[in-house]
Amino acid sequence: MVSQKVKGKPVALDGDRAVAEAIRQMNPDVVAAYPITPQTEIVMRFSEFVANGEVVTEFIPVESEHAAMSACIGASAAGGRAQTATAGAGLAFMWEVLWVASGTRLPIVMHVVNRSLSAPLNIHCDHSDSMGARDAGWIQLYDETVQEAYDNAIQALRIAEHPDIMLPTLHALDGFILGHGVERLELLPDDAVRSFIGIYEPQHPLLDVDHPVTYGPMVLTDYFFEYKRQQAAAMERALEIIPQIGEEYGTFTGRYYGLMEGYRLEDAEFATIALGSTAGTIKTVVDELRDQGVKAGLLKLRCFRPFPATILAEALGDKKAIAVLDRSLSFGAQGGPLFLEVITALFTHGLSPKVLNYAYGLGGRDIVPARIHQVYKDLIEIDREGLTESSIRYLGLRE
Amino acid sequence: MTLKTWTEILAGGLITDAGNSEEYETGSWRSHRPIIDMDRCTHCMICWIYCPDGSILVSDAKVTGIDLTHCKGCGICAHECPRKAISMVEEAVAKEGAQ
Amino acid sequence: MSDLVEIRWHGRGGQGAVTASELLAEAALHEGKYFQAFPDYGPERMGAPIRAYTRISSSPIRQHNQITEPDAVVVLDPTLLGVVDFAEGLEDGGLLLVNTPLSPNELRRELGFDKGRVFTINATRVALDIIKRNITNTPMIGALLRALEVVNRDVVREEIRNRFNTRVSKEVAEANVEAFDRAYTEVREG
């Protein structure tokens, strides 16, 4: 554990390269990835580190994302640290084996660059891919900036490997916006990262031939349910542990992480909730509105799985009106995935403020500050006049 | 058998007891029982090789009988025996004969 | 108060608009500033009109939207005139810098653009003369810094030198620095 504050090195990198640097510093035993579209530069850059001998990692360029996750599962069961990166359709193709990874309780780390799911064919940012995997038993973190993509990549490993969690963990960065966006960030020294992640001591590695172990047996009606309950419990424990790890990360980086971040939220009357890079755009709008005397605030959710319902409800309980921004649709549902979670959290905590849901940014549709201003305008209006239209809205859509 | 609760079992469905399949008594699946005619048996060990459940009992390089706790009655031993020394007998009949 | 500067780059795929936006960001890094540099990707390839963006500020930059009301627009390719509405979103305080043989006044007439400040430079000529290739990003950065000193000129010069030294050769690096300096001198305002 690092307790002294270390000096980071300011660099200009896009999100893909920043994540590749984080993987280099973590130096996993195995990285298995499908090397072409929808893959991003993360894997291209990391394979250069492998070729240059800068890491000890066994890099396996597999024939599909399904195989990439399967190889990670094998490597992780063997007792190694395994990571992969993917995006969009690649994550969708992993879907079946995502459940094997979580059900087997393997602490695999995955870097997801959010892209839309076809059809029509689209490679730009939205959250359809990671939201599609939201019930697969993986911890999900979302990054606002390139710095957070780097920081969350490193913390994901500690979260996944925590003995009271042991769940695969992914962090998601918005495709193109962060993936291809060059920003200023601080890279930690290699030894600080290595000291933070420590040495992984797997409890039941397959390669320990003196202690033979069976992975992946068939479990029928008599025990399957019990294993699923264990996974649910691990998610509950993660709610306690993720902020502890974020706190520890802060002690030596100066960048502290919790389950969520409130931005001018405490005394806000009107709040929005968002994931990912859009939170930054909202912050600038909140500042502008505050200058105009509007008590606007933002709840940026860092951790979507497990969903921090209690702290979210506590932070939102006194708001006059709330807008939930979803960068994906759940067709036929009563709103987007984030909206449904927020509504449930409020209801189960005995709260019933006015809440609007906005689908936005699908297929990379740009979300400009004027749109966010519109959201707050709507909130002020429904507070004054009550809800006259549908609470489910589409932001930035031509109508 | 008392089933364990979700807090009592090892996470991820892992099994750390090597060879604990022995605890599963597959003998109850059997409808036909292999009976060895010891006069014909040459102890060639073909049945021992083929048995999918390791249920051919062997001692001092001699076949001594069948492990009926685990033999599922699949009949592979009888099919493979080059001397036709093993016959599959209906379980009810075999039980009667044994008594 | 924020000193945020937002720049939009127009070019054609392969001409270095993305590199230009990144070069400026790297220079900002060396000055301890904050920045964003990001392309606007479509299905385009070599030759297609593309856009890239740079934001520079002395305080952290939070917004992640594309730039719709730029402080400066830089057009790398003269043949984009009439093809792309590159003056879109430019307001009175804005700055338009175009690679063209036209004078600023001729360009204003051509575009019907009467706002802000207009700068022109024949960067294609500069690039062909000095770099011997029609890649106009370094001269256009030189011209931009004359119009808007968003980062220190010496820092950018060093950044160009480093980047081309490592990735291409010393000769190419020096040619780019020379083109950068000449465009800085030759750019016209009107």
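### What to know about the overall build of chain A
When helices and strands are counted, chain A shows 13 helices and 15 strands. By the compact-globule yardstick of 21 Å for 399 residues, chain A fits well, its C-alpha radius of gyration being 21 Å. Expressed as lengths along the three principal axes of its C-alpha atoms, the size of chain A is roughly 70 × 55 × 45 Å. When contacts within chain A are restricted to residue pairs at least 6 apart in sequence, those whose partners lie at least 24 apart make up 80%. Roughly 15800 Å² of accessible area belongs to chain A as shown, and the carbon and sulfur atoms make up 54% of that amount. Within chain A, the 52 negative side-chain charges are centred at a point lying 5 Å from the centre of the 34 positive side-chain charges.

### Quick notes on the pattern of salt bridges
It is possible for side chains bearing opposite charge to pair when their charged atoms get close. A complete count under the given rule lists 41 salt bridges over all chains for this structure. Put simply, Glu-261 of chain A and Lys-283 of chain A hold a salt bridge, and the shortest N to O gap is 2.9 Å. You can see Glu-261 of chain A sitting in strand β9 (residues 260-263) and its partner Lys-283 of chain A sitting in helix α10 (residues 278-291), a full 22 residues away along the chain. By relative accessible area, Lys-283 of chain A is classed as buried at 5%. Close ionic contact of Arg-163 of chain C with Glu-22 of chain C constitutes a salt bridge, the shortest N to O distance being 3.4 Å. Of this pair, Arg-163 of chain C sits in helix α5 (residues 153-167) while Glu-22 of chain C is found in helix α1 (residues 17-30), placing the two residues 141 residues apart along the sequence. Shared partners join several salt bridges into a network, and the residues in it are Glu-144, Glu-148, Glu-261, Lys-283 and Lys-300 of chain A.

### Concerning the interface of chain C and chain A
Counting from both sides, the interface comprises 19 residues of chain C and, opposite them, 25 residues of chain A. Taking both sides of the interface into account, the surface hidden between chain C and chain A amounts to around 1800 Å²; carbon and sulfur atoms contribute 59%. On the chain C side of the interface with chain A, the three residues burying the most area are Tyr-41, Arg-62 and His-64 of chain C, jointly 38% of the side's total. Across the contact surface, chain C and chain A share one salt bridge.

### Quick word on the sheet that holds strand β1 (residues 5-12) of chain C
Strand order across the open sheet formed by nine strands is β1(A)-β8(A)-β2(C)-β3(C)-β1(C)-β4(C)-β5(C)-β6(C)-β7(C), with mixed pairing between neighbours. Of all the strands in the sheet, just β1 (9-14) of chain A together with β7 (188-189) of chain C have a single pairing partner and so form its edges. Direction of pairing for strand β2 (residues 34-40) of chain C relative to strand β3 (residues 49-57) of chain C: antiparallel, over a ladder of seven bridges. Paired with Asp-40 of chain C across the two strands is Arg-51 of chain C, which belongs to β3 of chain C. Most of the contacts of helix α2 (residues 104-111) of chain C go to strand β6 (residues 117-121) of chain C, to which it runs at about 115 degrees, and overall it touches β5 (95-99), β6 and β7 of chain C.

### Looking at the confidence of the model for chain B
In the predicted model, chain B carries a mean pLDDT of 94, and the fraction of residues at 70 or more is 98%. Predicted as a complex, the structure gets a pTM of 0.93 and an ipTM equal to 0.91.

### Concerning unusual backbone geometry
Residue and element names in this part refer to chain A. The omega torsion of the bond from Ser-118 to Ala-119 falls at 5 degrees, within 30 degrees of zero and hence cis. In this structure, Ala-119 sits in the loop between β5 (109-114) and α6 (128-132). At the junction of Ala-119 and Pro-120, the peptide bond is cis and its omega measures out at -5 degrees in the coordinates. Structurally, Pro-120 can be placed in the loop between β5 and α6. In the Ramachandran plot, Phe-176 falls in the positive-phi region, its phi being about 65 degrees despite a non-glycine side chain. Despite not being glycine, Arg-264 shows a phi value in the positive range, around 50 degrees. Its location among the elements puts Arg-264 in the loop between β9 and β10 (270-274).

### So, the interface of chain A and chain B
The interface of chain A with chain B comprises 16 residues on the first partner and 13 residues on the second. Interface of chain A and chain B: buried area, both sides summed, is about 1400 Å²; carbon and sulfur atoms make up 67% of it. Along the contact surface separating chain A from chain B lie zero salt bridges. At the surface where chain A touches chain B, the tally comes to four residue pairs in polar contact (both at pLDDT 80 or more). Per-element accounting of the side of chain A that touches chain B gives the leading share, five residues, to helix α9 (residues 224-253) of chain A.

About the criteria used
Residues numbered from 1 in each chain as written. Chains lettered and ligands numbered in written order. Predicted model: local features only at pLDDT ≥ 70, side-chain atom pairs only at ≥ 80, totals over all residues. Heavy atoms only, no water. Helix = DSSP H or I, 4+ residues; strand = E, 2+ residues; numbered from the N terminus. Rg over C-alpha atoms; globule rule 2.2 N^0.38 Å. Contact = heavy atoms within 4.5 Å. Areas by Shrake-Rupley, 256 points an atom, 1.4 Å probe, with all protein chains shown as cover. Lys, Arg positive; Asp, Glu negative; His and termini not counted. Charge placed at Lys NZ, Arg CZ, Asp CG, Glu CD. Salt bridge = Lys/Arg side-chain N within 4 Å of Asp/Glu carboxyl O. Buried < 20%, exposed > 50% of the residue type's maximum accessible area, 1.4 Å probe, protein only. Buried area = accessible area lost by both parts, 1.4 Å probe. Pairing = 2+ DSSP bridges. Axes fitted to C-alpha atoms, helices over the stretch in contact; angles between N-to-C directions. pLDDT = per-residue confidence, 0-100. Polar contact = N/O pair within 3.5 Å; in protein donor to acceptor, adjacent residues only side chain to side chain.

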